[in-house]
Structures are given as structure tokens and as C-alpha cells.
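Each chain, letter by letter, is given below.
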Amino acid sequence: MPDSPFPRLNALIEGIAPGKPPIVMSLGEPQHPFPDFVTETIAAHAKEFGKYPPIVGTPEFRAAVAGWLGRRYGIADAIGPKKPLDPDDQILPVNGTREALFNVAFVATPLTKQGQRPAILMPNPFYQCYAAAALAAGAEPVYVAATRDNGFMPDFAGLPEDLLARTAMIYVCSPANPQGAVASLAYLKDLLGLARKHGFLLAVDECYAEIYDREPPAGALQAALELSGTLDNLIVFHSLSKRSSLPGLRSGFCAGERDFMRRFRAFRNIGAPQVPLPILAASAAAWNEESHAAENRARYRRKIDAAERLFGNRLGFYRPAGGFFLWLDVGDGEAATRELWAKAGVKVLPGAYLSREDSNLNGASDSGNPGAAYIRVALVEDEARTEEALKRMAEVL
Ligand SMILES: Cc1ncc(COP(=O)(O)O)c(C=O)c1O
């Protein structure tokens, strides 16, 4: 693994004085206010910090998640005891999705598959945790280009059969960090079909599912239920970090195939962090409440409106269908990052730090680093500062 993108970014701009008072747009850390009921609920449950929380969370937490999933994806009929998604068996709280996206690889990766080293496939560029997880679990990480040409959704089905045969898991991210592309229901169904054909797990990172521009993005649970009425070969991940602007709460959940979730629960019971009981109570309240999430989404939309006004169709600007990042084609992401810091005091992230040299296995791209021409701009600051940063950027680029 190379260093995490953020020390690399600091090294890149080291010794360069910011041209204006700094505004940080490199880190995807939501800054919007979170609802007061979160603090109140934690305070009301504070005594429960005196207990070890169960790895499966509380019935209230699982019911809140199940209720939200049912409403959000129109799948309420499939949720309940003896139904395709039984909350007590198939929903687990996680201490932020990052740890769960990491830990899932250990349970999904056999020692060998078809007598060979297992592979874990992921989009390129990607959330860096996926590659770290693959390597830690002893699998070969395979980076599959997610470029403008394929709508930023990799063509996994076009990969060589022998690679698919030794695949243990595919990570996909929808809405995608960094490009904001959304997987269609058809794409998710095809991918699930591929997972079932080759006997691997499809891990769908949906932690930006509630930050969207026009339409609520389709979900993989919905795709699976439409495809076959079961969640076989699937696990999805959701987080309150983005939906409720609570990155420090460290609270999310995963849900999926019954057998896999049982194995994951057993693994987590021994080696994974639990979510504290007061945090579970606050999380249940957050999943049960929609208005703060809608308000949060509207703030991001207004910032994307501002970006659209300022960039128009320059730098390959497009309105991301989901998430809160701009993915701008600046020709040389590292050079633009240095220039933006030196002239505008705006810190952005070179796209190359989120991607790897592509192995061009399916001919989807020229080999090379598919992020090299881009910068990622996180629209997480308040509206006034974000607009100020975007104005400064538009003057420099
Ligand atoms: C694509 C993606 N997945 C997962 C995470 C992890 O989020 P958390 O651990 O806060 O739930 C992030 C955080 O930035 C992310 O960008």
C-alpha cells in the first residue's frame, strides 16, 4: 500500500505557502450541523456507557434500520422474521462503515479459490480501505478502471473468466466516491448475477446513498430482491456519517445474505468493535428521522448549483448524481493541486492518490492511472466558504 492520500497531499504541497487564507476541500468530512436530538439521546442514555454493547446492537436499532431500508428502497414487504431480510439475523451495526468494509474481506476471502490466490476486485479510483482490506486478507487487489467512458462504473463482466473464477469479492461504491456516479438497478442486477455465477460476494458501499441530486439512487438490496427474492451473495454498507453529518459518531450498518451475515457476526463477535449503547440509541433516532437528512441533501445541492454556475462546462464539470465531490478534469491533478494551494489557498486532492496504475484487463482504458488528470473537491464546508473556495478555484483554473 502506498501512504494514505492525505500524507501524500501534505508532502506534495510542503513548503508552498497558501496564497490566501486556507480552505480545505481535500477531506470528505461532512461539516453541516447535525440534529440536536442526537446529543439529547446520547445524554439520556449516557449511563449505558457502563455496559459492553452486544455486537448485534439493540432490537430498537435494528428496527429503525429495517424501517428506513423499507421506506428508502420500497422493500418493506421483504423485511421481517422468515422474510428475505430478517433484521435480527441480517442487519449488524458497525463502528462506521470503514471498519466493516475492511473486516468483511477477512470473512469473504478463502485461503485459495479454484486452487489459486483469491482476488478482490474494485473500481479504480476507489476508497483506499478496499485495497488495504484485500491485501490484509491475503487476496490480490485488482483495480478495474472506472472512467468517463464507462460512466464511472467498471466493466467487471468483461474481465477474463479465470480471474472471475478466483474472485472472492467485488467492492462497488454507489454513489461512487470520487466521481458521484450511481449504479443503475440493471448494473447491480448484472453484477449480482456475475457474483452468483462465480460464487463470490458482492460488497456494495452505499454510504453516500442519501446525498443525491435528483433521484434517490437505486440500492443493491432492491436489485437483489427484484432479481431473485433473496439476498444471496450480497452485503451492503450504510453510514450516518454522510446522511446525518455525523462522521464522528462512528455509526453505520451492514445487511445482506443470511449465511454470510451469520459468519460475519461470529467473526465480529470476537474481533470487531461494537457500537456503544448510547450511540446505538442516537443512531436509531437518526434512521427514524427524515427531515434532517432532506435538509442536509438540500445544502449539498445548493453548493453543486454554485459549482455549476462557476464552472459551467469547463474542466469536464458535471452535476454528480450522488455524493458531495466534484471530480474535475484539470489535465494534471498534482500540478493543479499545487497551483490551487499556492494561488488560491484551496486544498484539493489529486485524483491520482485515489487510484492506481490500471492493469487494463478488460481493455476499458488505456493503461495508466485513471485518476491522474483529475482533482477531487469535497463540498463539505458551509455554503459561504464553499462558494468562496469555488470562486477562487475558478479564477485559477
Ligand atoms: C466510499 C466511502 N466508503 C466508506 C466510508 C467510511 O465512512 P464511515 O466509516 O464514516 O461510515 C467513506 C468515508 O469517507 C467513503 O468515502
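First, a word on scope: everything that follows refers to the structure included in this document. (Residues numbered from 1 in each chain as written. Predicted model: local features only at pLDDT ≥ 70, side-chain atom pairs only at ≥ 80, totals over all residues. Heavy atoms only, no water.)

## Re the overall build of the protein chain
Step number 1: In terms of helices and strands, the protein chain carries 15 helices and 12 strands.
Step number 2: In terms of principal-axis extent, the alpha carbons of the protein chain reach across some 60 × 55 × 35 Å.
Step number 3: Going through the 397 residues of the protein chain one by one, you find that 59% of them count as buried.
Step number 4: Considering only contacts in the protein chain between residues 6 or more positions apart, those separated by 24 or more positions represent 78%. (Helix = DSSP H or I, 4+ residues; strand = E, 2+ residues; numbered from the N terminus. Buried < 20%, exposed > 50% of the residue type's maximum accessible area, 1.4 Å probe, protein only. Contact = heavy atoms within 4.5 Å.)

## Re the nonpolar core
Nonpolar side chains in soluble globular proteins generally cluster together in the buried interior.
Step number 1: One finds L69, L121, F156, L202, L234 and F253 to be the most contacted residues of the largest nonpolar core, which totals 68 residues.
Step number 2: With sequence-adjacent residues up to four places away left out, F156 is seen in contact with L121, M122, P123, V144, L164, I170, Y171, V172, Y187, L191 and L194.
Step number 3: Formed by 31 residues, the second largest nonpolar core is a distinct cluster that contains A108, A168, L201 and A203. (Core = buried A, V, L, I, M, F, W, Y, C linked by side-chain atoms within 4.5 Å.)

## Details of the side chain of D89
Step number 1: Within the secondary structure, D89 sits in helix α4 (residues 87–90).
Step number 2: Engagement of the side chain of D89 in a polar contact is seen with the side chain of R262, the distance being 2.5 Å.
Step number 3: When neighbours within four sequence positions are excluded, D89 is seen to be in contact with R258, M261, R262 and R265. (Polar contact = N/O pair within 3.5 Å; in protein donor to acceptor, adjacent residues only side chain to side chain.)

## Topic: the packing of helix α8 (residues 185–198) against helix α9 (residues 220–228)
Working note: a packed helix pair is described by the angle between its axes plus the distance between those axes.
Step number 1: Contact pair α8 / α9: the axes reach a minimum separation of 9 Å and the direction vectors enclose 65°. By the angle class used here, α8 and α9 are roughly perpendicular. Considering the relative orientation of α8 and α9, their crossing is right-handed. Residue-level contacts link L185, L188, K189, L192, G193 and R196 of α8 to A220, Q222, A223, A224, E226, L227 and S228 of α9.
Step number 2: Here the contact of α8 with α9 is built from residues that sort into seven nonpolar, three polar and three charged. (Axes fitted to C-alpha atoms, helices over the stretch in contact; angles between N-to-C directions. Parallel < 35°, antiparallel > 145°, perpendicular 65-115°, else oblique. Left-handed = near helix turned anticlockwise from the far one by under 90°. Nonpolar A, V, L, I, M, F, W, Y, C, P; charged D, E, K, R; others polar.)

## What about the site of the ligand?
Step number 1: The local shell around the ligand holds 14 residues, among which T97, D205, S239, S241 and R250 are the closest.
Step number 2: Within the side chain of S241, one N or O atom sits 2.6 Å away from an oxygen atom of the ligand.
Step number 3: In this structure, R250 approaches the ligand through a side-chain N or O atom, which is 2.7 Å from an oxygen atom.
Step number 4: Those elements that place two or more of their residues in the shell around the ligand are α5 (97–108) and α10 (240–243).
Step number 5: The leading source of residues in the shell around the ligand is α5, at three residues.
Step number 6: A breakdown of the residues in the shell around the ligand according to their chemical character gives five nonpolar, five polar and four charged. (Near = heavy atom within 4 Å.)

## As for the side chain of R392
Step number 1: Within the element layout of this structure, R392 appears in helix α15 (residues 383–396).
Step number 2: Only 2.6 Å separates the side chain of R392 from the backbone oxygen of A344, close enough to count as a polar contact.
Step number 3: Those residues within four positions of R392 in sequence are excluded, and the remaining contacts are K20, P21, I23, A344, G345 and V346.

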